[in-house]
Amino acid sequence: MRSLSELRFSVLTLFPELFGPVLQSSLVGKAAAKGLVSFDLHQIRDFTTDKHRTVDDTPFGGGEGMLLKPDVLYSAWEKAGGQRPAPAGSATILLSPQGKPFTQQMGKELAGYRHLILVCGHYEGVDERFIELCVDREVSIGDYVLTGGELPALVMIDVITRLLPGVVGNEQSVARDSLEEDLLKYPQYTRPREFMGLPVPEVLLSGDHGAIARWRRDQQLERTARKRPDLKKNPR
Ligand code: SAM
């Protein structure tokens, strides 16, 4: 695991106002306050050069929708620190339904970077030349199409930040999350001991740590096989 150091996220977006509440709240806000992560938001429209502040235009060859212009995006990207070749520990990521599916594993890999530039598309998407020139990878958060890349960028920021050393108080808690080892987490209970006729499983009250660990492992295997058989690195 790497030592505590800052990961910088630069976000290129037409809607920077969507980010504030999430980046200032909860674990992500605390991580920023501790200096483990930092954010700079770049309003793409600020990089236009015409009096109408045009960020998009119609596709050559016809077709529906509008595309984000490559010249405007390029200026925003340079301002965010984008360089070719990308400096070590830095990458430019375009949020896109055409991208590689985002997973916990990819989140862990990206948590090892120093600077991630996240580009949020909008409208019909992005001129292909910007992708060719500046984008290291395209990432999708799932097989559906959102209006823009802002929610996907926030999903990535949340997942990656949570995986940075020092962000979650008890690192064991991250190590035991669902999807670690390709297994779902075991069922968990808190007080009261009985709720609407349903008791907490006896073993969890036994104080026998070996028995508790075995029960939890069995539960993980059983529920992974039942709920997510596709995750089957499952030793069962
Ligand atoms: N016409 C595009 C296509 O078919 O690939 C979809 C454009 S979508 C309406 C607008 C923007 O939302 C995309 O450029 C991308 O940044 C973002 N977006 C939409 N769905 C996404 C997903 N599943 N994962 C990541 N980003 C997504």
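Values in this document were obtained by computation on a predicted structure and should not be read as measured data.

## Looking at the overall build of the chain
- Looking only at helices and strands, one finds 8 helices and 10 strands in the chain.
- Counting only C-alpha atoms and orienting by the principal axes, one finds that the chain spans roughly 70 × 40 × 35 Å.
- Burial analysis of the chain (236 residues in total) assigns 41% to the buried set.
- Long-range contacts, defined as pairs at least 24 residues apart, comprise 75% of the intrachain contacts of the chain with a sequence gap of at least 6.
- Seen as two clouds, the 30 positive and the 31 negative side-chain charges of the chain have centres 9 Å apart.

## Considering the domain arrangement of the chain
- Partitioning the chain into domains gives domain 1 (7-162) and domain 2 (178-227).
- Of note, the centres of domain 1 and domain 2, computed from C-alpha atoms alone, are 39 Å apart.

## Notes on the site of the ligand
- Around the ligand lies a shell of 20 residues, among which Leu-95, Gly-121, Glu-124, Tyr-144 and Leu-146 are the nearest.
- In this structure, an oxygen atom belonging to the ligand sits 2.6 Å away from a main-chain N or O atom of Leu-95.
- Calculation on the ligand without its partners gives an accessible area of 580 Å², and the protein chains cover 85% of this total.
- At the level of secondary structure, the elements contributing two or more residues to the shell around the ligand comprise strand E5 (90-101) and strand E8 (137-140).

## Regarding the packing of aromatic side chains
- On inspection of all chains with the given rule, the structure shows 2 aromatic pairs.
- Taking the centre distance of 5.7 Å and the plane angle of 15° together, the rings of Phe-9 and Phe-39 count as stacked. Taken together, the positions of Phe-9 in strand E1 (residues 7-13) and Phe-39 in strand E2 (residues 37-43) put the pair 30 residues apart, joining distant regions of the chain.
- Relative accessible area serves as the criterion here: at 0%, Phe-9 is assigned to the buried category.
- On the basis of an interplanar angle of 50° and a centroid distance of 5.4 Å, the ring pair of Tyr-74 and Trp-77 is categorised as tilted.

## What about the sheet that holds E8?
- Taken together, 5 strands build an open sheet; the order of strands is E2-E1-E6-E5-E8 and the sheet is parallel. Each having just a single partner strand, E2 and E8 make up the two edges of the open sheet. Recorded for the sheet is a direction-independent mean angle of 30° between the axes of neighbouring strands.
- Of the strand pairs in this sheet, E5 and E8 are connected by 5 bridges, and their pairing is parallel. Following the sheet pairing, Pro-101 is matched in E8 by Ser-140.

## Looking at the sheet that holds strand E3 (residues 56-57)
- Spatial strand order, E3-E4-E7: 3 strands in an open sheet with mixed pairing. The outermost strands of the open sheet, each flanked by one partner alone, are E3 and strand E7 (125-126).
- Where strand E4 (residues 67-68) lies against E7, 2 bridges are found, and the strand directions are parallel. Of the residues in E7, the one forming a bridge with Leu-67 is Gly-125.

## Quick word on the layout of surface pockets
- Taken as a whole, the largest pocket spans an internal volume of roughly 540 Å³.
- What lines the largest pocket is a set of 27 residues, among which Leu-95, Ser-96, Pro-97, Glu-124 and Gly-125 lie closest to the centre.
- Among the elements of the structure, E5, E7, helix H5 (128-134) and E8 are those that each provide at least two residues to the lining of the largest pocket.
- Here the lining of the largest pocket takes 5 residues from E5, the largest share from any one element.
- Considered class by class, the residues forming the lining of the largest pocket number 13 nonpolar, 10 polar and 4 charged.

## Topic: helix H8 (residues 209-227)
- Over its 19 residues, H8 extends 26 Å from the first C-alpha to the last, a length consistent with the 27 Å expected when each residue adds 1.5 Å.
- All of the buried residues along H8 are Ala-211, Ile-212, Trp-215, Gln-220, Leu-221, Arg-223 and Thr-224.
- Where H8 begins, the capping side chain belongs to Asp-208, and its oxygen is found 3.2 Å from the backbone nitrogen of Gly-210.

Cut-offs applied
- Residues numbered from 1 in each chain as written.
- Predicted model: local features only at pLDDT ≥ 70, side-chain atom pairs only at ≥ 80, totals over all residues.
- Heavy atoms only, no water.
- Helix = DSSP H or I, 4+ residues; strand = E, 2+ residues; numbered from the N terminus.
- Buried < 20%, exposed > 50% of the residue type's maximum accessible area, 1.4 Å probe, protein only.
- Contact = heavy atoms within 4.5 Å.
- Lys, Arg positive; Asp, Glu negative; His and termini not counted.
- Charge placed at Lys NZ, Arg CZ, Asp CG, Glu CD.
- Domains from an automatic or database assignment.
- Near = heavy atom within 4 Å.
- Polar contact = N/O pair within 3.5 Å; in protein donor to acceptor, adjacent residues only side chain to side chain.
- Areas by Shrake-Rupley, 256 points an atom, 1.4 Å probe, with all protein chains shown as cover.
- Phe/Tyr/Trp six-rings, centres within 6.5 Å; stacked < 30°, edge-to-face > 60°.
- Pairing = 2+ DSSP bridges.
- Axes fitted to C-alpha atoms, helices over the stretch in contact; angles between N-to-C directions.
- 1 Å grid on protein atoms, 1.4 Å probe; cavity = no way out; pocket = protein on both sides within 12 Å on 5 of 7 lines; lining within 4 Å.
- Points joined across faces, edges and corners; volume = space filled by probe spheres on them.
- Nonpolar A, V, L, I, M, F, W, Y, C, P; charged D, E, K, R; others polar.
- Expected span 1.5 Å × (residues − 1).

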